[in-house]
Amino acid sequence: NGKRKKRSRKDDDDDDDDEKDGKDDDAEKEEEELPSTLEELDGLLEKARERLTKVQQKAGDFQNRRKWSLEEKQTLKKELAAAQYKDVDQRCHDKRLEVHISEKAVYDLDQTFLALDTALQTYHSAKMAKVNEIIRELWQVTYRGEDIDEIAIVSGEEAGSGRATRNYNYQVQMAKGNAKIDM
């Protein structure tokens, strides 16, 4: 079948008519969808104008907000450039370091105070024991009565005295056997 069919101009015109018929069908469908009266067209036009007005108002609002935001941004940038905010990150870091060092120093001082307080109480107790030992020896050498076996100085911390300031009350007590009586 090496034969080709020759197309005539008439055949081409028929094809064009077929295409036109399809286009005419589309046009007819669009025509049916279009409003049929001028009043309907005016109504649609009015709705479109209202929507356009609303969109324009929203666009104006957004433009105003954008403008205000840009102005606020510029104001804040100028404020941040002021001397009081210069090197604020470094100054904040320095202050945090200062606070950390101060907290460590307070902790160290507290530990030192506790150690010193314990040492002073131990020293005080040892010295009071030594004083009472000396008093006991002297009492036994000098006092020849039978009613008192020994005397001693007793210390006690006052109620309500603070941690940093301690007040002690000293009393002399006499002892006979296991009984101790304040003098």
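Here the structure is a predicted model, which means the values were calculated and not measured.

Calculation rules
Residues numbered from 1 in each chain as written. Predicted model: local features only at pLDDT ≥ 70, side-chain atom pairs only at ≥ 80, totals over all residues. Heavy atoms only, no water. Helix = DSSP H or I, 4+ residues; strand = E, 2+ residues; numbered from the N terminus. Buried < 20%, exposed > 50% of the residue type's maximum accessible area, 1.4 Å probe, protein only. Contact = heavy atoms within 4.5 Å. Areas by Shrake-Rupley, 256 points an atom, 1.4 Å probe, with all protein chains shown as cover. Pairing = 2+ DSSP bridges. Expected span 1.5 Å × (residues − 1). Axes fitted to C-alpha atoms, helices over the stretch in contact; angles between N-to-C directions. Patch = residues over 30% accessible without salt bridge, like charges linked within 9 Å, V, L, I, M, F, W, Y side chains within 5 Å. Salt bridge = Lys/Arg side-chain N within 4 Å of Asp/Glu carboxyl O. Lys, Arg positive; Asp, Glu negative; His and termini not counted. Charge placed at Lys NZ, Arg CZ, Asp CG, Glu CD. pLDDT = per-residue confidence, 0-100.

Quick notes on the overall build of the chain
At step 1: Across its full length, the chain carries three helices and three strands.
At step 2: Taken from the N to the C terminus, the helices and strands of the chain come in the order α-α-α-β-β-β.
At step 3: For the chain, the residues scored as buried account for 5% of the 183 residues in total.
At step 4: For the chain, contacts bridging at least 24 residues in sequence account for 29% of all contacts bridging at least 6.
At step 5: Accessible surface, the chain: about 16800 Å² in total, of which carbon and sulfur atoms supply 53%.

Some thoughts on the pairing of strand β2 (residues 168–176)
Moving residue by residue along a regular strand, the side chains alternate between the two faces of the sheet.
At step 1: As paired elements, strand β1 (residues 150–157) and β2 share eight bridges and run antiparallel to each other. If you follow Ile153 over to β2, its bridge partner there is Val172.
At step 2: Here β2 hands over to strand β3 (residues 179–182) after two residues, with Gly177 in that stretch at a positive phi of 70 degrees.

Quick notes on helix α3 (residues 88–142)
At step 1: The end-to-end C-alpha separation of α3 is 78 Å, in line with the 81 Å expected for 55 residues at 1.5 Å each.
At step 2: Taken together, the buried positions of α3 are Asp117, Met128, Asn132 and Trp139.
At step 3: Close packing links the buried residues of α3 with β1 and β2.

Thoughts on the sheet that holds β2
At step 1: Judged by pairing direction, the sheet is antiparallel, and its three strands sit side by side in the order β1-β2-β3 without closing on themselves. This sheet does not close on itself; its edge strands, each paired only once, are β1 and β3. Mean inter-strand twist for the sheet, computed between neighbouring axes without regard to direction, equals 40 degrees.
At step 2: Along the sheet, α3 makes contact with β1 and β2, crossing β1 at roughly 160 degrees.

Here we look at a negative patch on the surface
At step 1: On the surface, Glu39, Glu40, Asp42, Glu46 and Glu50 cluster together to form a negatively charged patch.
At step 2: With respect to the helices, strands and loops of the structure, Glu50 is situated in helix α2 (residues 38–80).
At step 3: Residue classification places Glu50 among the partly exposed residues on the basis of a relative accessible area of 43%.

Let's talk about a nonpolar patch on the surface
At step 1: Taken together, the side chains of Leu38, Leu41 and Leu44 define a hydrophobic patch exposed on the protein surface, amounting to about 300 Å² of accessible area.
At step 2: Looking at where Leu38 falls in the secondary structure, it is placed in helix α2.

Points about the confidence of the model for the chain
At step 1: Mean pLDDT over the chain stands at 82; residues scoring 70 or higher make up 77%.
At step 2: Under a pLDDT of 50 for its full length, residues 1–5 has, in the predicted model, zero contacts with residues more than four places off or in other chains.

Points about the pairing of β3
At step 1: Pairing analysis gives four bridges linking β2 to β3, with the strands arranged antiparallel. Among the inter-strand pairings, Met174 is bridged to a residue of β3, identified as Ile181.

So, the pattern of salt bridges
At step 1: Going through the model one piece at a time under the given rule, you end up with three salt bridges.
At step 2: The partner of Glu150 in a salt bridge is Arg136, with the nearest N and O atoms 3.5 Å apart. Here Glu150 is found in strand β1, whereas its partner Arg136 is found in helix α3, with 14 residues between them in sequence.
At step 3: Owing to a relative accessible area of 25%, Glu150 belongs among the partly exposed residues under this scheme.
At step 4: In this structure, Lys176 engages Asp149 in a salt bridge whose closest nitrogen and oxygen atoms are separated by 3.6 Å. With Lys176 in strand β2 and Asp149 in the loop between α3 and β1, this residue pair connects regions lying 27 residues apart in the sequence.
At step 5: Given a relative accessible area of 41%, Lys176 falls into the partly exposed group.

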